[in-house]
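Each chain, letter by letter, is given below.
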Amino acid sequence: MTVTPIRLFGDPVLRTAADPVRDFDQELRGLVSDLTDTLMNANGAGLAAPQIGVSLRVFVFHVDDVVGHIVNPTLDFPDDEEQIGEEGCLSIPGLYYDTKRRQNVVAKGFNSYGDPFQLVGSGMMSRCVQHETDHLDGVIFLDRLDTDTRKRAMREIRAAEWYGQGAPVVKTSPHPLGFASGRHG
Ligand SMILES: [Zn+2]
């Protein structure tokens with residue numbers, strides 16, 4: 001079990017577009033394992049490789065009791081339906097904002113052995129998949145907020161105790177940061 005420190009908002013790796021995975025090897029499977037351990041430890045819904053400092057296109061998720069990972073994901077939206085709901089990010093601990101997302105998604109990608117598969121998701125799963133795929137493009141959910149909410153979020157981030165700290169905060173609160181309170185990625 002390897003729990004890796006989670007990079008926080010302000011770390012440039014979170015603003016860097018990640019590289020496609022080319023080698024579906026033991027190293028990749030180790031990365032998926034570390035991501036999964038770190039996600040479960042943080043009680044999150046999703047975690048993308050850049051959030052632990054690895055700029056590769058892979059993320060893990062834990063939504064509706066389903067744990068999995070996707071390598072090199074691409075998203076399709078089967079309809080125009082949208083959802084608005086509270087969303088958070090393990091790289092922005094403790095702060096949640098209403099965020100508009102697509103309700104339904106089809107994510108195509110690969111497992112860590114290079115086998116192609118697709119994931120059809122709606123609701124929370126769809127939100128998580130969109131949030132994590134954004135991370136692979138250097139996009140943070142704050143970018144999806146309306147202007148006023150985004151301004152408020154930036155004020156609250158600057159005031160947060162973790163902001164600008166060199167070392168990641170280890171969250172030990174028994175109150176789950178993540179999926180139990182809803183919307184963590
Ligand atoms: Zn996130």
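The coordinates are above.
Fair warning: this is a prediction, and the values are worked out from it, not measured in the lab. (Residues numbered from 1 in each chain as written. Predicted model: local features only at pLDDT ≥ 70, side-chain atom pairs only at ≥ 80, totals over all residues. Heavy atoms only, no water.)

Trainee: I keep staring at the sheet that holds strand β2 (residues 58-63) and nothing clicks. Help me out?
Mentor: Two strands in a sheet stick together by hydrogen bonds in their backbones, pointing the same way (parallel) or opposite ways (antiparallel). Taken in spatial order, the five strands make up an open sheet running β1-β2-β3-β6-β7, and their pairing is antiparallel. Either end of the sheet is taken by a strand with one partner, and the two such strands are β1 (46-48) and β7 (116-122). Averaged over all pairs of adjacent strands, the angle between strand axes in this sheet comes to 40 degrees, irrespective of strand direction. One ladder, built from four bridges, connects strand β3 (residues 66-76) with strand β6 (residues 104-110); its direction is antiparallel. Looking at the pairing, L75 lines up with A107 of β6. Of the strands in this sheet, β1, β2, β3, β6 and β7 are in contact with helix α2 (residues 123-136), which crosses β2 at around 160 degrees. (Pairing = 2+ DSSP bridges. Helix = DSSP H or I, 4+ residues; strand = E, 2+ residues; numbered from the N terminus. Axes fitted to C-alpha atoms, helices over the stretch in contact; angles between N-to-C directions. Contact = heavy atoms within 4.5 Å.)

Trainee: Help me understand the pairing of strand β4 (residues 82-89), please; the structure alone is not making it clear to me.
Mentor: Regular strands have side chains that alternate between both faces of the sheet. As paired strands, β4 and strand β5 (residues 92-102) are joined by seven bridges and run antiparallel to one another. Counted as the bridge partner of E86 is D98 from β5.

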